[in-house]
Amino acid sequence: MSVKSPCIEVCKFDGKSGLCVACLRTLPECREWSKMKDHRRHQILRERPKRENKLIEKGVKIYTNCDV
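None of the values given here were measured: they were computed from a predicted structure.

Participant: Explain the pattern of salt bridges to me, please; I cannot follow it from the model alone.
Facilitator: Any two side chains of opposite charge can pair, given that their charged atoms come close. Tallied over the entire structure, the rule returns 4 salt bridges. Here arginine 51 and glutamate 29 are joined by a salt bridge, their closest N and O atoms 2.6 Å apart. A residue pair is termed long-range when its members are at least 10 positions apart, and arginine 51 in helix H3 (residues 48-57) and glutamate 29 in helix H1 (residues 27-32) qualify at 22 residues. Each member of the pair, arginine 51 as well as glutamate 29, is classed as buried. A salt bridge links arginine 51 to glutamate 47, with the nearest nitrogen and oxygen atoms 2.5 Å apart. What makes glutamate 47 partly exposed here is its relative accessible area of 30%.

Participant: Looking at this structure, how should I read a positive patch on the surface?
Facilitator: Among the surface-exposed residues, Lys16, Lys50, Lys54 and Lys58 lie close enough to one another that they form a single positively charged patch. Within the element layout of this structure, lysine 54 appears in helix H3.

Participant: Got a minute to help me understand the environment of cysteine 20 in this structure?
Facilitator: By the secondary structure assignment, cysteine 20 is in the segment before H1. When its relative accessible area of 2% is taken as the criterion, cysteine 20 is described as buried. Sequence-wise, cysteine 20 and cysteine 7 are 13 residues apart; in three dimensions their C-alpha atoms are separated by 9.2 Å.

Participant: Is there a simple way to think about unusual backbone geometry in this case?
Facilitator: Across residues other than glycine, the phi torsion is negative in most instances, and most of the peptide bonds are trans. Unlike most non-glycine residues, glutamate 9 shows phi in positive territory, near 60°. Within the secondary structure, glutamate 9 is located in the segment before H1. The exposure class assigned to glutamate 9 is exposed, which follows from its relative accessible area of 71%. Even without being glycine, leucine 24 reaches a positive phi, approximately 65°.

What counts, and where the lines are drawn
Residues numbered from 1 in each chain as written. Predicted model: local features only at pLDDT ≥ 70, side-chain atom pairs only at ≥ 80, totals over all residues. Heavy atoms only, no water. Salt bridge = Lys/Arg side-chain N within 4 Å of Asp/Glu carboxyl O. Helix = DSSP H or I, 4+ residues; strand = E, 2+ residues; numbered from the N terminus. Buried < 20%, exposed > 50% of the residue type's maximum accessible area, 1.4 Å probe, protein only. Patch = residues over 30% accessible without salt bridge, like charges linked within 9 Å, V, L, I, M, F, W, Y side chains within 5 Å. Areas by Shrake-Rupley, 256 points an atom, 1.4 Å probe, with all protein chains shown as cover. Lys, Arg positive; Asp, Glu negative; His and termini not counted. Charge placed at Lys NZ, Arg CZ, Asp CG, Glu CD.

These values are about where atoms sit, not about what they do.
Here you go:
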């Protein structure tokens, strides 16, 4: 079974980091998700805590399912 996309349909990108403030992926990662191998998808998902911390340290509001 393939790895499910973390998208919650907010699609709002932080200009400085290039990360979506909801799914924590870059725009190229979002675009290529359906073509990626599961190995790469898992890598991106494992990086989420680091990416989240990066945005939080910059004072960027992170969206979750309950914020939509």
